[in-house]
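This is what each chain is made of:
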Amino acid sequence: MSRIKSARVIITCPGRNFVTLLIETSDGVTGLGDATLNGRELAVASYLSEHVVPMLIGRDAHRIEDVWQFLYKGAYWRRGPVTMAAIAAVDMALWDIKGKVAGLPLYQLLGGASREGCMVYGHANGRDIEETIDNALHYKEQGYRAIRLQSGVPGLAATYGVSKDRYFYEPADADLPTESLWSTEKYMRSVPPLFQKARDALGWDVHLLHDVHHRCTPIEAGRLGKELEPFRLFWLEDATPAENQAAFRVIRQHTTTPLAVGEVFNTIWDAKQLIEEQLIDYIRMTVVHGGGITHLRRVASLADLYQVRTGCHGATDLSPVCMAAALHFGLSVPNFGIQEYMRHTDETDAVFPHAYRLADGMLHPGDAPGLGVTIDEALAARYEYKRAYLPVARLEDGTVFSW
Ligand SMILES: O=C(O)[C@@H](O)[C@@H](O)[C@H](O)[C@H](O)CO
Ligand SMILES: [Mg+2]
């Protein structure tokens with residue numbers, strides 16, 4: 001039997017913060033799990049070191065399902081982003097170990113490849129429509145088959161998704177949250193012209209996506225979806241906050257634009273009604289915030305019954321460890337839809353050398369045993385944790401709003 005000999009948390013900031021769990025077995029096999037929760041990183045780090053690690057020592061490293069159930073049901077306080085990110089990290093690390101022991105890339109243990117690779121979408125952005133389309137053209141030239149478009153809104157100083165750097169987007173940028181002003185009216189006027197011009201410039205052979213970032217009411221989202229129908233979006237993301245899953249019924253009644261939601265969900269319960277009532281087309285939970293590979297497979301199986309496909313979150317705050325896990329998962333599940341891909345900086349890639357690779361607009365996890373990601377601990381130690389918060393949005397009258 002292979003027992004868990006040690007587990008420890010590694011915190012590093014190669015351009016942005018990452019929390020990683022490293023588990024080692026009595027046979028000397030190591031596994032990695034991503035535990036990064038953007039803006040609240042140290043809460044998960046402490047949950048792991050103080051409360052989870054002591055329970056792991058001595059356990060059979062191969063009993064992944066049992067460990068998952070023990071941590072989930074055994075906590076009594078189920079769900080929540082901190083708990084689920086911690087459980088996910090353990091789960092990922094144990095799958096990594098199982099793959100290494102078997103000598104197989106993880107996707108082989110999950111049933112083998114269901115496709116040649118995972119289609120990704122790139123994040124094109126700019127201060128205005130012209131800049132955004134110019135950026136999107138670069139993605140298209142690089143072979144991307146799908147591009148998400150986010151443009152600055154006339155009359156608003158800042159908005160979600162638009163960065164100073166056109167290829168690297170990093171919203172958690174301040175030691176205390178920056179505050180920005182938001183106007184849904186100005187935003188909604190700006191989106192249809194963006195997609196009209198994008199279709200004119202990019203044609204119809206590339207998938208186009210858009211992220212509303214939880215900023216519309218259901219009826220506003222219904223109208224936006226309807227206005228975007230002529231441009232045949234691949235999806236409209238996070239159209240309204242989804243704590244109330246029934247809110248999506250309103251959007252569905254008004255538009256045939258496909259809907260994606262779930263990057264902030266942490267268990268199957270957050271998505272159950274959305275999936276069962278077929279209120280969405282893509283579920284965006286990813287491995288670190290969705291309870292690990294074990295739990296996310298359950299979500300995908302439920303979704304498959306209702307023709308809902310996966311579209312895992314893949315922003316820069318999901319570490320290369322999570323990206324690798326998401327790719328093994330995506331390559332294997334029958335109902336894969338698309339994978340978000342925001343590139344990490346070179347500093348991050350150097351700390352987390354990885355086997356996944358991009359070709360023809362598709363990512364493949366590679367064939368290294370396990371997840372196919374390692375951590376350069378000496379390099380990681382050179383980058384000290386730096387507190388960084390996501391911004392907070394207010395309406396023009398000062399009311400706190402969804403960011
Ligand atoms: O779809 C996305 O990529 C976003 O909504 C994220 O950039 C999100 O804002 C960050 O991951 C928050 O940590
Ligand atoms: Mg999003």
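Every value quoted in this text rests on a predicted model; they were computed, and no experiment measured them. (Residues numbered from 1 in each chain as written. Chains lettered and ligands numbered in written order. Predicted model: local features only at pLDDT ≥ 70, side-chain atom pairs only at ≥ 80, totals over all residues. Heavy atoms only, no water.)

**Q** Which residues make up the layout of surface pockets, and what values go with them?
**A** When its volume is computed, the largest pocket comes out at roughly 1,000 Å³. Considering the residues around the largest pocket, the lining is formed by 36 residues, among which H213, H214, E263, V264 and L390 are closest to the centre. Per-class residue counts for the lining of the largest pocket are 17 nonpolar, nine polar and 10 charged. Taken together, domain 1 (4–106) and domain 2 (109–367) each give at least three residues to the lining of the largest pocket, which thus spans both. Lining the second largest pocket are 39 residues, with V162, S163, K164, Y169 and D173 positioned closest to its centre. Those elements that place two or more of their residues in the lining of the second largest pocket are strand 4 (118–126) and strand 6 (179–182). If one sorts the elements of the lining of the second largest pocket by residue count, strand 6 sits on top with four residues. Taken together, domain 1 (4–106) and domain 2 (109–367) each give at least three residues to the lining of the second largest pocket, which thus spans both. (1 Å grid on protein atoms, 1.4 Å probe; cavity = no way out; pocket = protein on both sides within 12 Å on 5 of 7 lines; lining within 4 Å. Points joined across faces, edges and corners; volume = space filled by probe spheres on them. Nonpolar A, V, L, I, M, F, W, Y, C, P; charged D, E, K, R; others polar. Domains from an automatic or database assignment. Helix = DSSP H or I, 4+ residues; strand = E, 2+ residues; numbered from the N terminus.)

**Q** Give me the lowdown on the pattern of salt bridges, citing residues and values where you can.
**A** Evaluation of the coordinates by the stated rule reveals 20 salt bridges. Between R249 and E277 there is a salt bridge, with the nearest N and O atoms lying 2.8 Å from each other. Of this pair, R249 sits in helix 8 (residues 247–254) while E277 is found in the loop between helix 9 (272–276) and strand 10 (282–283), placing the two residues 28 residues apart along the sequence. Salt bridges linked by common partners bring R148, D211, E237, E263, R284 and E340 together as one network. (Salt bridge = Lys/Arg side-chain N within 4 Å of Asp/Glu carboxyl O.)

**Q** Please provide a residue-by-residue account of the site of ligand 1, values included.
**A** Near ligand 1 there are 16 residues, and of these R148, E237, E263, D317 and E340 occur at the shortest range. At 3.5 Å, a side-chain N or O of Y160 approaches an oxygen atom of ligand 1. With respect to ligand 1, the side chain of E263 contributes an N or O atom lying 2.5 Å from an oxygen atom. Summarising the interface, the protein chains cover 95% of the accessible area of ligand 1, which totals 340 Å² for the free molecule. Among the detected pockets, ligand 1 sits in the largest pocket. Counted by class, the shell around ligand 1 contains six nonpolar, three polar and seven charged residues. (Near = heavy atom within 4 Å. Polar contact = N/O pair within 3.5 Å; in protein donor to acceptor, adjacent residues only side chain to side chain. Areas by Shrake-Rupley, 256 points an atom, 1.4 Å probe, with all protein chains shown as cover. Sits in = over half its atoms within 2 Å of the grid points.)

**Q** How would you explain the domain arrangement of the protein if you had to name every residue and give the values?
**A** When the domains of the protein are assigned, the result is domain 1 (4–106) and domain 2 (109–367). The gap between the C-alpha centroids of domain 1 and domain 2 is 26 Å. Each partner contributes to the interface: domain 1 provides 33 residues, whereas domain 2 provides 34 residues. Regarding the contact of domain 1 and domain 2, the summed buried area is about 2,700 Å², with carbon and sulfur atoms giving 65% of it. (Contact = heavy atoms within 4.5 Å. Buried area = accessible area lost by both parts, 1.4 Å probe.)

**Q** Hey, could you go over the side chain of T25 for me, with residue numbers and the actual values?
**A** Examined against the element boundaries, T25 turns out to sit in strand 2 (residues 18–25). A relative accessible area of 0% places T25 in the buried class. With sequence-adjacent residues up to four places away left out, T25 is seen in contact with S2, R3, I4, K5, A61 and I97. (Buried < 20%, exposed > 50% of the residue type's maximum accessible area, 1.4 Å probe, protein only.)

**Q** Talk me through the packing of helix 2 (residues 64–73) against helix 3 (residues 81–102); I want residue IDs and the actual numbers.
**A** Remark: helix 2 packs on helix 3, axes separated minimally by 10 Å, with the N-to-C direction vectors making an angle of 170°. With respect to helix 3, the axis of helix 2 lies roughly antiparallel. On the side of helix 2, the interface is formed by I64, V67, W68, L71 and Y72, while helix 3 contributes M84, I87, V90, D91, L94, W95 and K98. Within the contact of helix 2 with helix 3, the residues separate by chemical class into 10 nonpolar, no polar and two charged. (Axes fitted to C-alpha atoms, helices over the stretch in contact; angles between N-to-C directions. Parallel < 35°, antiparallel > 145°, perpendicular 65-115°, else oblique.)

**Q** Tell me about the sheet that holds strand 3 (residues 30–34), residues and numbers included.
**A** Strand order in the open sheet made by the three strands is 1-2-3, with antiparallel pairing throughout. At either margin of the open sheet sits one strand with a lone partner, and together these are strand 1 (4–12) and strand 3. Adjacent strand axes in the sheet meet at a mean angle of 20° when their direction is disregarded. Pairing analysis gives five bridges linking strand 2 to strand 3, with the strands arranged antiparallel. Paired with L21 across the two strands is G33, which belongs to strand 3. Running at roughly 150° to strand 3, helix 3 makes contact with strand 1, strand 2 and strand 3 of the sheet. (Pairing = 2+ DSSP bridges.)

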